[in-house]
Every structure is written in structure tokens, then in C-alpha cells.
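One-letter residues, chain by chain:
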Amino acid sequence: GPLGGMVWGREDFMCLAAALFMPTVLLPNLQWLSYLSALGVMSSTLLLAGVVSTGLDPGQLPPSPTYCDPQAQCTGSIFHPSPTALQHWQSI
């Protein structure tokens with residue numbers, strides 16, 4: 001599985017949720033939650049802007065050899081999509 005083969009069970013998710021929400025319970029002033037919420041909205045907006053700008057990129061940058069064979073046409077965008085093919089369709 002992901003994360004180095006670690007399998008997450010129900011108890012693991014419950015502990016993670018407790019670790020994430022416990023600091024909000026300990027806040028003396030709940031107005032700070034609005035700042036945390038605004039920070040979440042801002043980070044989601046920036047992430048969406050990054051994904052959209054990557055999708056709209058005309059593909060002027062060369063492909064990264066780490067992720068793609070330089071001889072393959074594996075870069076693409078909305079305006080210049082790369083050719084794709086369905087692989088292992090019978091196994092889906």
C-alpha cells in the first residue's frame with residue numbers, strides 16, 4: 001500500500017482525526033478558527049490556480065527526464081494535448 005506498505009485501520013484514522021481536531025478544542029478564543037478557515041480557503045485557491053495554470057500551459061518546457069522518457073511525447077496541456085493510449089484495458 002501507500003506510505004511504505006503501511007495499512008491504515010479505523011483506529012489509525014480516529015487517532016489522526018483526534019490529533020487534528022484537538023488543538024481547535026483547546027483554543028481559548030474560537031475566533032482563531034475563522035483564521036484557520038481563511039487559510040484553508042486561500043491554500044485551496046492557490047492549489048486550484050496552480051493546477052489550472054499547469055493545464056493551460058502551452059507546453060514550452062521540455063519534459064522532466066525523471067518522470068518521462070525525453071524521446072516520448074509525454075507533455076501536454078489543454079491546448080496541446082499529448083497523445084495517449086489506453087493501457088491494460090482488459091485488466092480494468
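What you are looking at is a predicted structure, and each value in this text was computed from that prediction instead of being measured.

A. Examining the overall build of the protein chain more closely. Helix and strand counts for the protein chain come out as two helices and zero strands. A total of 92 residues make up the protein chain; the buried ones form 2% of that total. Surface summary for the protein chain: the accessible area is close to 8,400 Å², and the carbon and sulfur share equals 68%.

B. Region of the structure containing the packing of aromatic side chains. Taken as a whole and judged by the stated rule, the model has one aromatic pair. Seen from their ring centres, Trp32 and Tyr35 are 5.3 Å apart, and the 55 degrees between their planes marks the pair as tilted. Of this pair, Trp32 and Tyr35 both sit in helix H2 (residues 32-56), three residues apart, roughly one helical turn.

C. Representation of helix H1 (residues 10-25) within the structure. Helix length check: H1, at 16 residues, gives a terminal C-alpha distance of 22 Å against a target of 22 Å (1.5 Å per residue), a fit within 8%. At Ala19, H1 shows its maximal kink, close to 25 degrees; a proline, Pro23, follows between one and four residues later. Among the 16 residues that make up H1, zero are buried, leaving the element largely open to the surroundings.

D. Geometry of a nonpolar patch on the surface. Residues Met6, Trp8, Phe13, Leu16, Leu20 and Phe21 make up a contiguous nonpolar surface patch of roughly 630 Å² in combined accessible area. On the secondary structure map, Phe21 appears in helix H1. Accessibility expressed as a relative area gives 56% for Phe21, which makes it exposed.

Rules used in this analysis
- Residues numbered from 1 in each chain as written.
- Predicted model: local features only at pLDDT ≥ 70, side-chain atom pairs only at ≥ 80, totals over all residues.
- Heavy atoms only, no water.
- Helix = DSSP H or I, 4+ residues; strand = E, 2+ residues; numbered from the N terminus.
- Buried < 20%, exposed > 50% of the residue type's maximum accessible area, 1.4 Å probe, protein only.
- Areas by Shrake-Rupley, 256 points an atom, 1.4 Å probe, with all protein chains shown as cover.
- Phe/Tyr/Trp six-rings, centres within 6.5 Å; stacked < 30°, edge-to-face > 60°.
- Expected span 1.5 Å × (residues − 1).
- Bend = angle between axes of the 7 residues up to and from the residue.
- Patch = residues over 30% accessible without salt bridge, like charges linked within 9 Å, V, L, I, M, F, W, Y side chains within 5 Å.
- Salt bridge = Lys/Arg side-chain N within 4 Å of Asp/Glu carboxyl O.

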